[in-house]
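The chain contents come next:
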Amino acid sequence: MSKALQTVYRAAALGLALCAPAVAADPGLHTDPLNFDPVVRDGYEHFYNMDYDGAIARFDAVLKAHPQEPIAYDYLLMAHIFRELYHQDLLDTTYYAHDSFLTTKRNDVHVSDQERSRIESLTNTVETMCEQRIKANPQDKNAYFARGFGKGMHAAFITLVDHSWVTAAHQGLAARNDSEAALKIDPQYADAQMAVGIQQFAVASLPRFIRMMVGMFGVGGNKEKGLKALRESAAHGVVTAVESRTTLSLFLRHDARYPEALEVQRGLATQFPHSYLFRLEEANLTKDKGDGPGAIAIYKAVLADGRKPGYFIDARLQMAWFGLAETERGQNLRVEAAKHYLEAADQPTASDWLKRRARLNAGEMFDLLHDRPNAITQYQLAAAGGGDQSQAEAARRYLKTPYTGV
């Protein structure tokens, strides 16, 4: 599979009255009735604020109350997948914003057998239940959406964790087909626009030759149509509105449309001020837009809030320290950048991959500061045996020859 196709499929990617009856089925309702359940809505609030354990507890209660509803399994699948991606430092967009993501597979990503089995089981259950419902009623729009939603989330998981490009591409296409089926039945089913928008933008991002080959199989793409579909889902979706805004921001960033991406992201950060990732991405986009001083201010504000007890839930501050150091590096603030790369490396929840990446970059800063002893120390740590080795080659090279910035 081409690098461009790989690139597209990366981005591609969130108590109360349990005894209350579910919302009655309504043919005029343009989403699954269960999406309006108060426990579901509460679960989503916890999910968007990154309280994944709290979301899982609520979605598990929903599933126990509605075991016959495939969308209930989707809620739980979503929370489990995103909790795992976050704990693996795989929701940091600086990781896959560049092509190095395609050629360098991290070898420190280890999903437990128990968690992987749970994710696979939930995915398979959704697919089986939806197939049975569609067979019984080919006009079941909610079954089409639930199946596509599950496949789309699973595609994101295997893309980021396993680099399973071909399988992920097939699942992404299946998600689009299911969503288009739901929209054919109900053109106002706004939630289904998300998968269509992702695929439209993805296919249109391919090189011309590959795009022609894909077109031979009836799969078309158009970036503006993709963005329009995402905006439709963002404006009117019930369970994909926030996800669509997040994806819209990523796609606009992909095309270097930074002011537009930043406008979307600022809206998310304002709506969910206690969501560490939404706040962090606002800083990342401000950096990418070229506003170094502005980005530094936002990173520092995020870190200050991160020191407040209970402000963020399970904040992985290494991401903010690393982003701050990268921005300072771009502003030629080498002393500060070296210090903050080391802050990132020293965070207790940092993955081995991020620790080594931060130490390699700190070594580069020390070399540019003509502090060779400290540079060597960091290169040795980045090149140490065991664990992730994606930074080792560069570190060993700089152990022999100092980094000069060229």
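Residues numbered from 1 in each chain as written. Predicted model: local features only at pLDDT ≥ 70, side-chain atom pairs only at ≥ 80, totals over all residues. Heavy atoms only, no water.

**Let's talk about the overall build of the protein**
Applicable threshold: Helix numbering and strand numbering both begin at the N terminus, where a helix is a DSSP run of H or I of at least 4 residues and a strand a DSSP run of E of at least 2. Summary of the burial criterion: residues with accessible area below 20% of their type's maximum are buried, those above 50% are exposed, and those between are partly exposed, where the area comes from a 1.4 Å probe applied to protein chains only.
On a plain count of helices and strands, the protein comes out with 21 helices and 0 strands. For the protein, the residues scored as buried account for 56% of the 406 residues in total.

**Quick notes on the side chain of Gln347**
In plain terms, the rule: Residues adjacent in sequence count toward polar contacts only when both atoms are side-chain atoms; beyond that, a polar contact is any pair of N or O atoms within 3.5 Å, and within protein one must be able to donate a hydrogen and the other to accept it. Throughout, a residue-residue contact means that at least one pair of heavy atoms, one from each residue, lies within 4.5 Å.
Tracing the backbone shows Gln347 in the loop between helix 18 (334–345) and helix 19 (352–368). Only 3.1 Å separates the side chain of Gln347 from the backbone oxygen of Glu343, close enough to count as a polar contact. Setting aside chain neighbours within four positions, we find Gln347 in contact with Leu317, Gln318, Trp321 and Lys355.

**Considerations on the nonpolar core**
Let me state the cut-off plainly: What we call a nonpolar core is a set of buried Ala, Val, Leu, Ile, Met, Phe, Trp, Tyr and Cys residues that are connected through their side-chain atoms within 4.5 Å.
Residues Tyr44, Phe59, Tyr276 and Leu277 are the most contacted members of the largest nonpolar core, which totals 112 residues. Of all the elements, helix 4 (residues 70–87) adds the most residues to this core, at 12 residues. Beyond its immediate sequence surroundings of up to four residues, Tyr276 is in contact with Met50, Tyr86, Val302, Phe312, Ala315, Arg316, Leu317, Met319 and Ala320.

**Quick notes on helix 12 (residues 223–236)**
One full turn of an α-helix is made of 3.6 residues, so residues set three or four places apart face in the same direction. Under the convention used in this document: In this scheme, a helix's expected span is set at 1.5 Å multiplied by one less than its residue total. This arc is built from the directions going out from the helix axis to the C-beta atoms.
Taking 1.5 Å per residue, 14 residues should reach 20 Å; helix 12 reaches 20 Å between its end C-alpha atoms and fits that length. Inspection of helix 12 places Gly226, Leu227, Ala229, Leu230, Ser233 and Ala234 among the buried residues, and these make up the whole buried set. For helix 12, the angular spread of buried residues about the axis comes to 160°, placing them on one side. In helix 12, the exposed positions that point more than 90 degrees away from the buried face belong to Lys225, Lys228, Ala235 and His236. Among the residues of helix 12, the N-terminal cap falls to Asn222, whose side-chain oxygen and the backbone nitrogen of Glu224 are separated by 3.0 Å.

**Quick look at the packing of aromatic side chains**
Note the following rule: Only rings of Phe, Tyr and Trp enter the pairing, Trp through its six-membered ring, and a pair is recorded when the two centres are within 6.5 Å. The plane angle decides the type: under 30 degrees is stacked, over 60 is edge-to-face, the rest tilted. Two conditions define a charge sitting above a ring: the NZ of Lys or the CZ of Arg must be within 6 Å of the ring centre, and it must be within 35 degrees of the ring normal.
Counted by the stated rule, this structure contains 18 aromatic pairs. Ring-pair connections join several aromatic residues into one group, and the members of that group are Tyr44, Phe47, Tyr48, Tyr52, Phe59, Tyr75, Phe82, Tyr86, Phe272 and Phe278. Over the face of the ring belonging to Tyr311 we find Lys308, whose NZ or CZ atom lies 5.3 Å from the ring centre. A cation over a ring is seen here: Arg397 above Tyr398, with NZ or CZ 5.1 Å from the ring centre.

**Some details on the side chain of Arg253**
Relative to the elements of secondary structure, Arg253 occurs in helix 13 (residues 241–254). Using a relative accessible area of 9% as the deciding quantity, one classes Arg253 as buried. Side chain to side chain, Arg253 and Glu281 meet in a polar contact 2.9 Å long.

**With respect to the packing of helix 19 against helix 20 (residues 372–382)**
Counted only if it meets this: Every angle, taken between N-to-C directions, lies between 0 and 180 degrees, and every axis is a line fitted to C-alpha atoms, over only the stretch in contact when it is a helix. In these notes the angle categories are as follows: under 35 degrees is roughly parallel, over 145 is roughly antiparallel, 65 to 115 is roughly perpendicular, and the rest is oblique. Note on convention: the crossing is left-handed when the near helix lies turned anticlockwise from the far helix by less than a right angle, right-handed when the turn is clockwise. Charged means Asp, Glu, Lys or Arg here, nonpolar means Ala, Val, Leu, Ile, Met, Phe, Trp, Tyr, Cys or Pro, and polar covers whatever is left, Gly included.
At a closest axis distance of 8 Å, the pairing of helix 19 and helix 20 adopts a crossing angle of 160°. The angle between helix 19 and helix 20 falls in the class roughly antiparallel. Taken as a pair, helix 19 and helix 20 cross one another with a handedness that is left-handed. Note on element contacts: helix 20 touches helix 19 through Arg372, Asn374, Ala375, Gln378, Tyr379, Leu381 and Ala382, opposite Arg356, Arg359, Leu360, Ala362, Gly363, Glu364, Phe366 and Asp367. Of the residues in the contact of helix 19 with helix 20, the class split is 7 nonpolar, 3 polar and 5 charged.

**Describing the packing of helix 18 against helix 19**
Look at helix 18 against helix 19: their axes get within 8 Å of each other, and the N-to-C directions meet at 160°. Between helix 18 and helix 19, the interaxial angle falls into the category roughly antiparallel. Like other packed secondary-structure pairs, helix 18 and helix 19 cross with a definite hand, here left-handed. Contact residues: Arg334, Ala337, Ala338, Tyr341, Leu342, Ala344 and Ala345 in helix 18; Leu354, Lys355, Ala358, Arg359, Asn361, Ala362, Met365, Phe366 and Leu368 in helix 19. The class makeup of the residues in the contact of helix 18 with helix 19 is 12 nonpolar, 1 polar and 3 charged.

**Thoughts on the confidence of the model for the protein**
Going by this rule: The pLDDT value tells you how sure the predictor is about a given residue, anywhere from 0 up to 100.
Confidence in the prediction for the protein averages 87 pLDDT; 85% of positions are at 70 or higher. Low confidence marks residues 99–103, where pLDDT is under 50. Its contacts with residues over four positions away, or in another chain, come to 15 contacts.

**Some details on the environment of Glu364**
When you line up the elements, Glu364 lands in helix 19. Separated by 30 residues in the primary sequence, Glu364 and Arg334 place their C-alpha atoms 9.4 Å from one another.

**Brief notes about unusual backbone geometry**
Despite not being glycine, Met50 has its phi angle at roughly 70°, a positive value. On the accessibility criterion, Met50 (4% relative accessible area) is buried.

**A word on helix 17 (residues 318–330)**
Across its 13 residues, helix 17 extends 18 Å between first and last C-alpha, which sits within 8% of the 18 Å expected from 1.5 Å per residue. With 10 of 13 residues buried, helix 17 is to be regarded as a mostly interior element. The set of residues buried in helix 17 consists of Gln318, Met319, Ala320, Trp321, Phe322, Gly323, Leu324, Ala325, Thr327 and Glu328. Buried residues along helix 17 sit against helix 4, helix 15 (276–288), helix 16 (292–306), helix 18 and helix 19. Immediately beyond the C-terminal end of helix 17, within one or two residues, lies Asn332, with a positive phi of roughly 60°.

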